Amino acid sequence: MRLIKEGSYKEGDKLPSVRELCESLEVGRSAVRDALTTLKGRGLVEIRHGEGTFVTGFNPKRYFQHMLMPHQKELESLFQVREILETSIVKLAAVNRTEQDLVAMRTALDEMSACHYDENGFHDCQFHLAIAHASGNNILHHLLESISQTMGKSMADFHRLIASKPDLIHDIHHQHELIMEMIVCEDASGAHEAMLLHLSYVKKHMRKGFSIRSEFIETH
């Protein structure tokens, strides 16, 4: 992985044979085969039977799709990535959004309000993805989509916690409305601050949710 990222092996290059990799890296054949399987799973290489292994390039979307996030530490790290991305994405959305984008955002918020926040967080996710789409940057949109899918499974308990507490629903609804208001007004700075406030709030309660779940596991 390091050699690919550093450019020693470029996209389209054929990797050395398993025997050659064993010799150059001073490891056994099973270790090389396991490594190639991992690289394939992360979308870095393509194994063509009868031809060899070829570099496909680093694709963040495929990388995130193969990550597992079972623990709080890893989930918080991924959430940090989301904070960095979304606070920048929302600024672009405030500048580039179209009327169709605003309709998509409003639809997601209305659906969320109608069902008093769905337990799987579907409409919440759709709102954030609509903002990413409005940024006009397809790479950012696909990257956020992949991160959201990865986090979705791990945050199932968190979404259920929100759905069970009217005060949390009220706060998140208000935060979402503020974000949309800033986007409608084309206020990039205000949108950035509103998104940061929202994600900080979510992170705080996400940590509480992990704490509650840990205490439950320890006492049962």
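Residues numbered from 1 in each chain as written. Predicted model: local features only at pLDDT ≥ 70, side-chain atom pairs only at ≥ 80, totals over all residues. Heavy atoms only, no water.

### Looking at the overall build of the chain
On a plain count of helices and strands, the chain comes out with 11 helices and two strands. Sequence-ordered secondary structure for the chain, helices as α and strands as β, is α-α-α-β-β-α-α-α-α-α-α-α-α. In the chain, which comprises 220 residues, the share counted as buried stands at 39%. Here the contacts in the chain between residues at least 6 apart in sequence split such that 68% fall between residues at least 24 apart. (Helix = DSSP H or I, 4+ residues; strand = E, 2+ residues; numbered from the N terminus. Buried < 20%, exposed > 50% of the residue type's maximum accessible area, 1.4 Å probe, protein only. Contact = heavy atoms within 4.5 Å.)

### Re the pairing of strand 2 (residues 52-55)
Where strand 1 (residues 45-48) lies against strand 2, four bridges are found, and the strand directions are antiparallel. When the sheet's bridge partners are listed, R48 is paired in strand 2 with G52. Linking two consecutive strands that pair antiparallel, namely strand 1 and strand 2, is a turn of three residues; a positive phi of about 85 degrees is found at G50 within it. (Pairing = 2+ DSSP bridges.)

### Digging into the side chain of H141
Examined against the element boundaries, H141 turns out to sit in helix 8 (residues 138-154). Sequence-distant contacts of H141, that is, excluding residues within four places in its chain, are made with L129, A132 and H133.

### Looking at the nonpolar core
By size, the foremost hydrophobic cluster in this structure holds 42 residues, and its most contacted members are M105, F127, I131, I179 and I183. Of all the secondary-structure elements, those providing two or more residues to this core are helix 5 (72-96), helix 6 (99-114), helix 7 (122-134), helix 8, helix 9 (156-163), helix 10 (166-184) and helix 11 (188-219). For this core, the leading source of residues is helix 5, giving eight residues. When near neighbours in sequence (up to four residues on either side) are disregarded, I131 contacts I89, V90, A93, M105, I179, I183 and M195. Counting 10 residues, the second-largest nonpolar core is a separate cluster that includes L36, L39, L44 and V55. (Core = buried A, V, L, I, M, F, W, Y, C linked by side-chain atoms within 4.5 Å.)

### A short note on the confidence of the model for the chain
Predicted confidence across the chain gives a mean pLDDT of 83, with 84% of residues reaching 70 or more. Per-element confidence in the chain ranges from a low mean pLDDT of 52 for helix 4 (residues 60-65) to a high of 94 for helix 10. Within the model, the stretch residues 66-70 combines pLDDT values under 50 with eight contacts to residues more than four positions away or in other chains. Counted against residues more than four places away or in other chains, residues 212-220, with its pLDDT under 50, gives two contacts. (pLDDT = per-residue confidence, 0-100.)

### Describing the packing of aromatic side chains
The description of two aromatic rings rests on the distance between their centres and on the angle between their planes. With the rule as written, the count across this model stands at zero aromatic pairs. Positioned above the aromatic ring of F54 is the side chain of R48, whose terminal nitrogen or guanidinium carbon lies 3.9 Å from the ring centre. (Phe/Tyr/Trp six-rings, centres within 6.5 Å; stacked < 30°, edge-to-face > 60°. Lys NZ or Arg CZ within 6 Å of the ring centre and 35° of its normal.)

### Structural notes on the packing of helix 6 against helix 10
At a closest axis distance of 11 Å, the pairing of helix 6 and helix 10 adopts a crossing angle of 165 degrees. When the interaxial angle is binned, helix 6 and helix 10 end up roughly antiparallel. Handedness of the crossing formed by helix 6 with helix 10: left-handed. Across from L102, M105, R106, L109, M112 and S113 in helix 6, the residues of helix 10 making contact are H173, H176, E177, M180, I183 and V184. Residues that form the contact of helix 6 with helix 10 fall into these classes: seven nonpolar, three polar and two charged. (Axes fitted to C-alpha atoms, helices over the stretch in contact; angles between N-to-C directions. Parallel < 35°, antiparallel > 145°, perpendicular 65-115°, else oblique. Left-handed = near helix turned anticlockwise from the far one by under 90°. Nonpolar A, V, L, I, M, F, W, Y, C, P; charged D, E, K, R; others polar.)

### Quick notes on the packing of helix 2 (residues 18-25) against helix 3 (residues 29-41)
Packing of helix 2 against helix 3 leaves a shortest axis separation of 9 Å and a crossing angle of 110 degrees. When the axes of helix 2 and helix 3 are compared, the pair comes out roughly perpendicular. Where helix 2 approaches helix 3, its residues V18, R19, L21 and C22 are matched on the opposing element by R29, V32 and L36. Split by residue class, the contact of helix 2 with helix 3 holds five nonpolar, no polar and two charged.

### Section: the environment of H176
Structurally, H176 can be placed in helix 10. Each C-alpha atom of the pair H176 and R106 lies 10.0 Å from the other, and the pair is 70 residues apart in sequence. Every residue in contact with H176, bar those within four places of it in the chain, is listed here: L109, M112, D124, F127, H128 and H198.

### Considering the side chain of D124
As for its placement among the helices and strands, D124 is situated in helix 7. Although D124 is buried, it makes no salt bridge; R82 carries the closest opposite charge, 4.8 Å away. Setting aside chain neighbours within four positions, we find D124 in contact with M112, Y117, I172 and H176. (Lys, Arg positive; Asp, Glu negative; His and termini not counted. Salt bridge = Lys/Arg side-chain N within 4 Å of Asp/Glu carboxyl O.)

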